[in-house]
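As a plain string of letters, each chain reads:
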Amino acid sequence: MLIKIPSKNHLEDSSVTQESIYHERRSLLKQMGFLGAGALMSSVIAQNAKAGFFDNDDEPTFQTKPLKYKKDTLNQALLKTPEQKVISHNNFYEFGSKKDQPIELAQGFVVDPWQLKVSGECDHPMTLDYDDLTKMFPLEERIYRLRCVEAWSMVIPWIGFSLASLLKKVAPNSRAKYVVFETLYDPKQMPGQESRRLGGGIKYPYVEGLRIDEAMNPLTLMSVGLYGKTLPPQNGAPIRLVVPWKYGFKSIKSIVGIKLLEHQPPTTWNKLAPKEYGFYANVNPSHDHPRWSQASERHITTGGLFARNRIPTLPFNGYGEEVADLYRGMDLSKHY
Amino acid sequence: MKSDTKVFLLKVLIHAGALLPLMNLYFLAFNDEIGADPVETVIHFTGIGALNLLLLTLSVTPIAKIIKQGYLLKTRRVLGLYAYTYALFHLFNFLAFEVQFDGSLFISEVIKRPYITVGMIAFFLLTALAITSINKLKRKMGKSWQSLHNFNYLIVLLATIHFYWSVKSELTSPLFYFVVAIALLLFRYKKIKRLILSVFI
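Summarised in this report is the structure supplied together with it. This one's a predicted model, so the numbers in the text were calculated from it and none came from an experiment.

Focus: the nonpolar core
Next up, step 1: If you look at the biggest cluster of nonpolar residues, it comprises 68 residues, and the most contacted ones within it are V179 and F181 of chain A.
Next up, step 2: Excluding its chain neighbours within four sequence positions, the residues that come into contact with F181 of chain A are V207, E208, G209, L241, I252, I255, G257 and I258 of chain A.
Next up, step 3: L55, L79, L91 and L158 of chain B belong to the second largest nonpolar core, which has 40 residues in total.

Quick look at the structure:
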């Protein structure tokens, strides 16, 4: 496991800019950038279309709740990405395809009531409601590296339970070879699903999948929280998947359906651009994305533009010891 | 108002409109106050900015013709130079903050990734236009100056392709830029037709 010593420029959470100031400065920049930034202007307009032009900052922010969980004692030495960055830099196209859009467009998202239906090739299909998500299983903290397919990475203290414990409860039968996950489809709440322009042109609902042995691996996490509290909507509230050895797009957010299947399911990014995004999507520094190198990554922490944060990318994102066996005998340059 | 005064005021506006956002951008980015990933922010901002300025430069002539205000043409050079400045920052951001001066990674990315190759060609062409915008050189070059600066039409197409190719799936904004670029080129339909014919015949 990779151990990082916090660098000198490591800041505490308290030194991270307050959200309100962050927003003010951003909107100032957007307004000043009228000449150089037509595209930014269009996003300002998009953001304000729903909220009215000036009351953007007065919108109530989503309330997260503290969680009880067992601490991750093994990985505390990893240099965590500040919480403010984790919750403001999101690829969640349901709330806009620009990374700063989800935090602005998702605050009104309703997560309670929620229903997560687990079904398909299993003996005891079940439906979890909102309270079940945090109460049915003991929660634990897992500090994981997250490697985005776009070649940036974070370290995030997730809170959740192993997908394996949930799957054991529904008792998969012998035909269950794959697991497919589905994000909520609700264009009224998710502006990206309603507007093609906001939603980045991908097909909804978002669908992801795993092989059953990948799903049963103890690292595979159903996350209900981060940094000690329930998930904010931009990070996939109320429940999301975290598969730390795969590119981030596999870790599907705001899940309403989990289904056990006999055959490999079609998945969103793989269908959209099969040459760029494989079904497996294991982090692999020796297999480049056709349009950029995957050999290294920028680790997002603090320090602004001058942060020397480019680090080598590790096979399976550094989790090879735990998962490399799953792919023994497979040609990973073909099954990327 | 005399047209000289109008040109002067316009230029002041252009300087402010191009420089202030750039200064503000880097001030915030150095202090880590501009989103979680300031690197991505500065790369996108300067890239889009360069494209906006390039298109603005190309729209001066049509606008001046339509509203019959010939003095507007005098703003083309400063706009073009700011387009180049933004492009220069865009490239520098990629080199300094994205690949962080890893020379071999930089070179392999420029060669291996077609969208970066296209962007790089556009940048080199734009560099030639920027250098030859100096009055002395312009006079020396005579007729060939105009032929060289006709490459602007190619540059704007390469830049929109570079943008289109770089995005993951959100195609609306690249397509919008493409349409605007085509519209500006169509305004020069006869000239461009002649240019193309002169190359092939």
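Some words on unusual backbone geometry
Residue and element names in this part refer to chain A.
Next up, step 1: In this structure, P113 follows D112 across a cis peptide bond, with omega equal to 5°.
Next up, step 2: Residue P238 follows A237 across a cis peptide bond; omega there is 0°.
Next up, step 3: When you line up the elements, P238 lands in the loop between β8 (229-230) and β9 (240-242).
Next up, step 4: Positive phi, normally seen in glycine, also occurs at A171, with a value near 55°.
Next up, step 5: Positionally, A171 belongs in the loop between α6 (163-170) and β5 (178-183).
Next up, step 6: Positive phi, normally seen in glycine, also occurs at S254, with a value near 40°.
Next up, step 7: If you trace the backbone, S254 turns up in the loop between β9 and β10 (255-261).

Examining the interface of chain A and chain B
It is common to give the size of an interface as the accessible area lost on bringing the parts into contact.
Next up, step 1: Facing 36 residues of chain A, the contacting portion of chain B comprises 38 residues.
Next up, step 2: Residue assignment for the side of chain A that touches chain B shows that the elements contributing at least two residues are α1 (19-32) and α2 (38-51) of chain A.
Next up, step 3: Looking at the side of chain A that touches chain B element by element, the count peaks at 5 residues for α1 of chain A.
Next up, step 4: The class makeup of the residues in the side of chain A that touches chain B is 14 nonpolar, 13 polar and 9 charged.

Observations regarding the sheet that holds strand β2 (residues 126-129) of chain A
Two pairing modes exist for strands in a sheet, parallel and antiparallel, and in both the strands are linked by backbone hydrogen bonds.
All names here are of chain A.
Next up, step 1: With respect to topology, 5 strands assemble into an open sheet ordered β2-β1-β10-β5-β6, the strand pairing being mixed. If you trace the sheet from one side to the other, it starts and ends with β2 and β6 (207-211), each paired once. With strand direction ignored, the average angle separating the axes of adjacent strands in the sheet is 15°.
Next up, step 2: The sheet contact formed by β5 and β10 spans 6 bridges and is antiparallel. Within β10, the residue paired with E182 across the bridge is G257.

Looking at the pairing of strand β11 (residues 296-299) of chain A
Residue and element names in this part refer to chain A.
Next up, step 1: One ladder, built from 2 bridges, connects strand β4 (residues 152-162) with β11; its direction is parallel. Considered in β11, the bridge of W152 is made with R298.
Next up, step 2: Looking at chain direction, β11 and strand β12 (residues 310-312) are connected through 3 bridges and run antiparallel. Bridge pairing links S296 to P312 in β12.

Regarding α6 of chain A
Residues and elements named next belong to chain A.
Next up, step 1: Three or more residues of α6 are buried, namely L163, L166 and L167. Looking down the long axis of α6, one finds its buried residues gathered within 95° of arc, a one-sided arrangement.
Next up, step 2: Against the buried residues of α6 lie β1 (115-120), β4, α8 (212-216) and β7 (221-226).
Next up, step 3: In the segment just after α6, A171 is the residue with positive phi, at about 55°.

So, the environment of L56 of chain B
Residue and element names in this part refer to chain B.
Next up, step 1: Structurally, L56 is set in helix α2 (residues 38-66).
Next up, step 2: With 23 C-beta atoms packed within 10 Å, L56 lands in the buried category.
Next up, step 3: The sequence separation of L56 and R76 amounts to 20 residues, and the corresponding C-alpha distance is 8.7 Å.

As for the pairing of β5 of chain A
Next up, step 1: In terms of burial, β5 of chain A is a largely internal element, 6 of the 6 residues being buried.
Next up, step 2: A two-sided burial pattern is seen for β5 of chain A, the buried positions comprising Y178, V180 and E182 of chain A on one face and V179, F181 and T183 of chain A on the other.

Re the packing of helix α5 (residues 114-131) of chain B against helix α8 (residues 151-166) of chain B
All names here are of chain B.
Next up, step 1: Contact geometry for α5 and α8: axes closest at 8 Å, N-to-C directions at 155°. One finds that α5 runs roughly antiparallel with respect to α8. In the packing of α5 onto α8, the handedness of the crossing is left-handed. Between α5 and α8, the residues in contact are P114, Y115, V118, G119, I121, A122, L125, L126 and L129 and F151, N152, L154, I155, L158, A159, I161, H162, W165 and S166, respectively.
Next up, step 2: Tallied by class, the residues present in the contact of α5 with α8 amount to 15 nonpolar, 4 polar and no charged.

Observations concerning α2 of chain B
Side chains three or four residues apart in an α-helix point the same way, a direct result of the helix having 3.6 residues per turn.
Residues and elements named next belong to chain B.
Next up, step 1: The terminal C-alpha atoms of α2 lie 41 Å apart, and with 29 residues this matches the ideal 42 Å at 1.5 Å per residue to within 8%.
Next up, step 2: The largest bend along α2 measures about 35° and falls at S59, with the proline P62 one to four residues further on.
Next up, step 3: Of the residues one or two after α2, K68 is the one with positive phi, at around 55°.

A look at the packing of α2 of chain B against helix α9 (residues 172-186) of chain B
All names here are of chain B.
Next up, step 1: In the contact formed by α2 and α9, the axes pass within 10 Å of each other and the chain directions differ by 25°. The orientation of α2 relative to α9 falls into the category roughly parallel. Considering only the axes of α2 and α9, their crossing is left-handed. Together, L51, L55, L58, S59 and P62 of α2 and Y177, V180, A181 and L184 of α9 make up the contact between the two elements.
Next up, step 2: Here the contact of α2 with α9 is built from residues that sort into 8 nonpolar, 1 polar and no charged.

About the cut-offs
- Each chain carries its own residue numbering, running from 1 in the written order of its sequence.
- Ligands are numbered from 1 and chains lettered from A, in the order in which they are written.
- In view of the model being predicted, local features appear only for residues whose pLDDT reaches at least 70, and side-chain atom pairs are presented and counted only at 80 or more, with totals across whole chains, interfaces and linings using the full set of residues.
- Throughout this description, the term nonpolar core refers to a group of buried Ala, Val, Leu, Ile, Met, Phe, Trp, Tyr and Cys residues whose C-beta atoms join them within 7 Å.
- Working definition of burial: number of other C-beta atoms within 10 Å of the residue's own, with buried at 20 or more, exposed at 12 or fewer, and partly exposed in between, all C-beta atoms being placed from the backbone.
- Contact definition: two residues whose C-beta atoms, as placed from backbone geometry, lie within 7 Å.
- Put simply, DSSP H or I for four residues or longer makes a helix, DSSP E for two residues or longer makes a strand, and each gets a number counted from the N terminus.
- In the scheme used here, Gly and all other residues not listed as nonpolar or charged are polar, with Ala, Val, Leu, Ile, Met, Phe, Trp, Tyr, Cys and Pro taken as nonpolar and Asp, Glu, Lys and Arg as charged.
- Pairing between strands is defined by DSSP: at least two bridges between the two strands are required.
- Helix axes are fitted to C-alpha atoms over the stretch in contact, other axes to C-alpha atoms as well, and angles between N-to-C directions run from 0 to 180 degrees.
- By construction, the arc corresponds to the directions joining the helix axis to the C-beta atoms.
- Reported orientations rely on four angle classes, namely roughly parallel under 35 degrees, roughly antiparallel over 145, roughly perpendicular from 65 to 115, and oblique for the rest.
- Handedness of a crossing is defined here by the sense of rotation of the near helix relative to the far one, left-handed for an anticlockwise turn of less than a right angle and right-handed for a clockwise turn.
- One less than the number of residues in a helix, times 1.5 Å, gives the span that helix is expected to have.
- The term bend refers to the angle at a residue between two fitted axes, each drawn through seven residues, those ending there and those starting there.

Purely geometric numbers; function is a separate question.
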